[in-house]
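What follows is the residue order along each chain.
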Amino acid sequence: MSVIFEIDQLEKTILQDISTDVPLEVLERFLTLVRESGSEDEKTAARFLAQYLEEWNIPHRIHFPTIYLSVPKKAAVIVTHPGSREIKAKTPSCSISTGDQWVSGDVVYIPADEADLSDAFDPLATNKYGDVRGKIVLTDGYPVSGKMKELGNDGALGVIFISPGRYIHEGTVGVVWGSPDLDTMGEEPQIPALMIGKQDGLDLINECQSDTVTLQFQTHLDEGWFECPLIDIWIEGTEEPDKYVLLHGHLDSWHQGIGDNGTGNAALLEMARIFYKHRDKLKRSIRIAIWPGHSTGRYAGSTWFADQFGLDLDENCIAQVNCDSPGCRWATSYEEMSWMSEAQELCQSAIQDAVCQPSRGYRPHRAGDYSFNNIGITSFYMLSSSIPAEDLAERGYYAVGGCGSNIEWHSEEDLMHVADMDILVRDLKVYMTTILRVVNAPIHPFLFTKTVEELIETIEEYQAYAVDHFSFDLVRREAQELFLALEDFYQQVRELQAPSILDTTVKKANEIIRSLGRELVTINFSRAGKFRHDLAIDMPRIPDLAAAHLLSSLEADSHPYRVALTHLTRGLNRVAWSMQRARKLLKTFKHDGVKTGSK
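Residues numbered from 1 in each chain as written. Predicted model: local features only at pLDDT ≥ 70, side-chain atom pairs only at ≥ 80, totals over all residues. Heavy atoms only, no water.

(A) Representation of the overall build of the protein in the model. Scanning the protein from terminus to terminus reveals 16 helices and 16 strands. Scaling as 2.2 N^0.38, a compact globule of 599 residues should have a C-alpha radius of gyration of about 25 Å, and the protein matches this with 25 Å. When its C-alpha atoms are laid out on the principal axes, the protein stretches across 85 × 65 × 45 Å. Looking at the protein residue by residue over its 599 residues, the buried ones come to 60%. (Helix = DSSP H or I, 4+ residues; strand = E, 2+ residues; numbered from the N terminus. Rg over C-alpha atoms; globule rule 2.2 N^0.38 Å. Buried < 20%, exposed > 50% of the residue type's maximum accessible area, 1.4 Å probe, protein only.)

(B) The packing of aromatic side chains, seen in detail. This model, assessed by the stated rule, comprises 15 aromatic pairs. Aromatic side chains Trp 304 and Phe 309 sit 6.2 Å apart centroid to centroid with 85° between the ring planes, which places their arrangement in the edge-to-face category. Per residue, the accessibility class of Trp 304 equals that of Phe 309, and both read buried. Taken together, a centroid distance of 5.3 Å and an interplanar angle of 75° make the contact between Tyr 381 and Tyr 431 edge-to-face. With Tyr 381 in the loop between β16 (379-380) and α10 (389-395) and Tyr 431 in helix α11 (residues 421-440), this residue pair connects regions lying 50 residues apart in the sequence. Here the two residues Tyr 381 and Tyr 431 agree in accessibility, since each one is buried. Among the aromatic residues, those joined into a ring-pair cluster are Trp 291, Trp 304, Phe 305, Phe 309 and Phe 372. Residue placement shows Arg 287 over the ring face of Phe 309; its charged tip is 4.6 Å from the ring centre. (Phe/Tyr/Trp six-rings, centres within 6.5 Å; stacked < 30°, edge-to-face > 60°. Lys NZ or Arg CZ within 6 Å of the ring centre and 35° of its normal.)

(C) Summary view of the environment of Ile 274. Within the fold, Ile 274 resides in helix α6 (residues 258-277). For Ile 274, a relative accessible area of 0% puts it in the buried group. For the pair Ile 274 and Ser 19, spaced 255 residues apart in sequence, the C-alpha to C-alpha distance is 9.4 Å. Residues within four places of Ile 274 in sequence aside, it is in contact with Ile 14, Asp 17, Ile 18 and Met 432. (Contact = heavy atoms within 4.5 Å.)

(D) Here's a closer look at the sheet that holds strand β4 (residues 89-90). An order of β3-β2-β9-β5-β6-β7-β8-β4 is seen for the 8 strands of this open sheet, with the pairing classed as mixed. In this open sheet, the two strands that pair with only one neighbour each are β3 (85-87) and β4. By the bridge criterion, 2 bridges tie β4 to strand β8 (residues 193-196) in an arrangement that is antiparallel. For Lys 90, the partnering residue across the bridge sits in β8 and is Met 195. Of the strands in this sheet, β6 (136-140), β7 (158-162) and β8 touch helix α4 (residues 145-153), which is tilted by about 145° from β7. (Pairing = 2+ DSSP bridges. Axes fitted to C-alpha atoms, helices over the stretch in contact; angles between N-to-C directions.)

(E) Geometry of a negative patch on the surface. The grouping of Asp 21, Glu 25, Glu 28 and Glu 55 at the surface amounts to a negative patch. Considering each element in turn, the negative patch owes the most residues, 3 residues, to helix α2 (residues 21-30). Structurally, the position occupied by Glu 55 is in helix α3 (residues 40-55). A relative accessible area of 59% places Glu 55 in the exposed class. (Patch = residues over 30% accessible without salt bridge, like charges linked within 9 Å, V, L, I, M, F, W, Y side chains within 5 Å. Areas by Shrake-Rupley, 256 points an atom, 1.4 Å probe, with all protein chains shown as cover. Salt bridge = Lys/Arg side-chain N within 4 Å of Asp/Glu carboxyl O. Lys, Arg positive; Asp, Glu negative; His and termini not counted. Charge placed at Lys NZ, Arg CZ, Asp CG, Glu CD.)

(F) Expanded view of the sheet that holds β16. The 6 strands lie next to each other as β1-β10-β12-β11-β13-β16, forming an open sheet whose pairing is mixed. In the strand order of this sheet, the two ends are held by β1 (60-63) and β16, each with one partner. The sheet contact formed by β1 and strand β10 (residues 230-235) spans 4 bridges and is antiparallel. Pairing of His 63 across the sheet is with Leu 230, part of β10. Set on the sheet, α6 makes contact with β10, β11 (240-250) and β12 (284-291); between it and β11 the angle comes to about 155°. The strands touched by helix α14 (residues 504-525) within the sheet are β11, β12 and β13 (317-322), with β13 carrying the most contacts at an inclination of about 50°.

(G) Geometry of the pairing of strand β9 (residues 214-227). Relative to β9, strand β2 (residues 66-81) is paired through 14 bridges, and the arrangement is antiparallel. When the bridges of β9 are listed, Leu 69 appears paired with Gly 224. With 4 bridges connecting them, strand β5 (residues 103-109) and β9 associate as antiparallel partners. Each residue of the ladder has a partner; that of Asp 106, found in β9, is Thr 214.

(H) α6, seen in detail. The terminal C-alpha atoms of α6 lie 26 Å apart, and with 20 residues this matches the ideal 28 Å at 1.5 Å per residue to within 8%. Summarising burial for α6: 19 of the 20 residues are buried, a large majority. (Expected span 1.5 Å × (residues − 1).)

(I) Layout of helix α13 (residues 473-494). Given a rise of 1.5 Å per residue, 22 residues ought to cover 32 Å, and the 32 Å separating the end C-alpha atoms of α13 matches this to within 8%. For α13, the set of buried residues is Val 475, Arg 476, Glu 478, Ala 479, Leu 482, Phe 483, Leu 486, Phe 489, Tyr 490, Gln 492 and Val 493.

(J) Up close: the pattern of salt bridges. In this structure the tally under the stated criterion is 30 salt bridges. Between Arg 287 and Asp 232 there is a salt bridge; the shortest N-O distance is 2.9 Å. Within this pair, whereas Arg 287 is found in strand β12, its partner Asp 232 is found in strand β10, the two being separated by 55 residues in sequence. Accessibility expressed as a relative area gives 8% for Arg 287, which makes it buried. Residue Asp 232 is classed as buried on the basis of its relative accessible area, which comes to 7%. Between Asp 544 and Arg 574 there is a salt bridge, and its shortest N-O distance comes to 2.4 Å. Here Asp 544 is found in the loop between α14 and α15 (548-551), whereas its partner Arg 574 is found in helix α16 (residues 559-592), with 30 residues between them in sequence. In terms of burial, Asp 544 and Arg 574 fall into one category: buried. Where salt bridges share partners, they join Glu 11, Asp 353 and Arg 437 into one cluster.

So, to be careful, I would describe these as geometric facts and stop short of saying anything about function.
Printed below as a string of structure tokens:
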């Protein structure tokens, strides 16, 4: 089945209402605030946005969740040999705070793999680092928690990360997704981390290669539970109001944060205005959430929301859509988008129709307030448009995690010059076109045949890694049978005559599509299981089976080898069970024998 969309008059009418008047007002106000989570400026920003909602009479609530934050305040690095000098430094969120105590030691430089230098969303450790006990490790790239944890376990006193460019980018080494619970409270790295600029880093590397370098450092962070504002907007649809798309972005920022995520807040407010104005034309509802605790809470605001409204999200949420860093300077490409496989055709057609451009999407990172994978909600978009690859190369830019690829990301220079109102309008058209097609489509426009194709490809890859150490035949058969059942299901759906959202058969089909996500998204993006949050590390495809990569490197019949086999057997059962449940869902539709739109 292929999803075909038409550009109808409704979309044209609604998109014509886009204005940059309110977005500009938002950015100008945010330029005067530092929206650090837990701060008074964050509360001021929330009240500022809420004033518009009140003026427009848009239904909304401001929740005040108490969430766990780690807020960097300052850091100091002093080289004591050779010579004596101070180096400008920052400390990331979730680093250990030394307070006024100085940590001193010799420096050992450990080069990072090229892939480690600029991947802000991959905190997995990649190497064994040799003898680092009692040393301060100097290494390249963004601060990443997996590397921190491994070096801490090996006895390092702390880690200094060298920024890949001229800015020292704020960040986190947090590995706990959201506020901790009993399972995760001990997972954070247990040594301090710092970041320094590229030139200072190069100077230290050169000194390490010719002499013993000794330095001392301090890190200062505020850590604890903070009450923060979370804006929750409800725009009710006319035909199936209990079902909704969740559209969201984060309120908090590093410094003024105009491109990350001031433009996102401006976009969310403008979409709230327009969608509410045209609410009589929306068949299903739109829920818009603006989160605190994105950076210093490692998505604590969206995780709180997922915890508080988990059952409702499970029952009623059709899809979740992240809006981060739209409308940034020079960001004219849609070749670096994020979407789950089942949403690919929807997103590509919407982008083509909205702005007449091709697009390319990738498996979503474990980032961007994607706090709903454990529930199994289909998801699309994260960062918005980006600077084209050829322009990045020409400018000598390195990869960053926002601001439309502008390297002012997470720095003091993320100011008004990063925003571009013409590009914001383009990005708004993309978001609104895609969301309108979800809330108004009689049948949810998600093709889980694409998802199962991805699962089959992954299973084949894992079997190639496992060779003859482990057989994935069970899940391969289940996936192939599920694919055939899905093809039959979508064929029946395609034959529905003049389907209406209120039609009982259509409702049944949509219930099955949502339930397919609850099974297949979960096994593809989560290891922790329903209503539990995985750690903030990139999740491999079908994570229960990813240990296949280990088998050939382990000594046969050794303890680790047997442990890996046990792990894979349990994972195999979970994945096969979920696929069987998905197939049973499809049979309930086939059993009805419905091929008409009768009520």
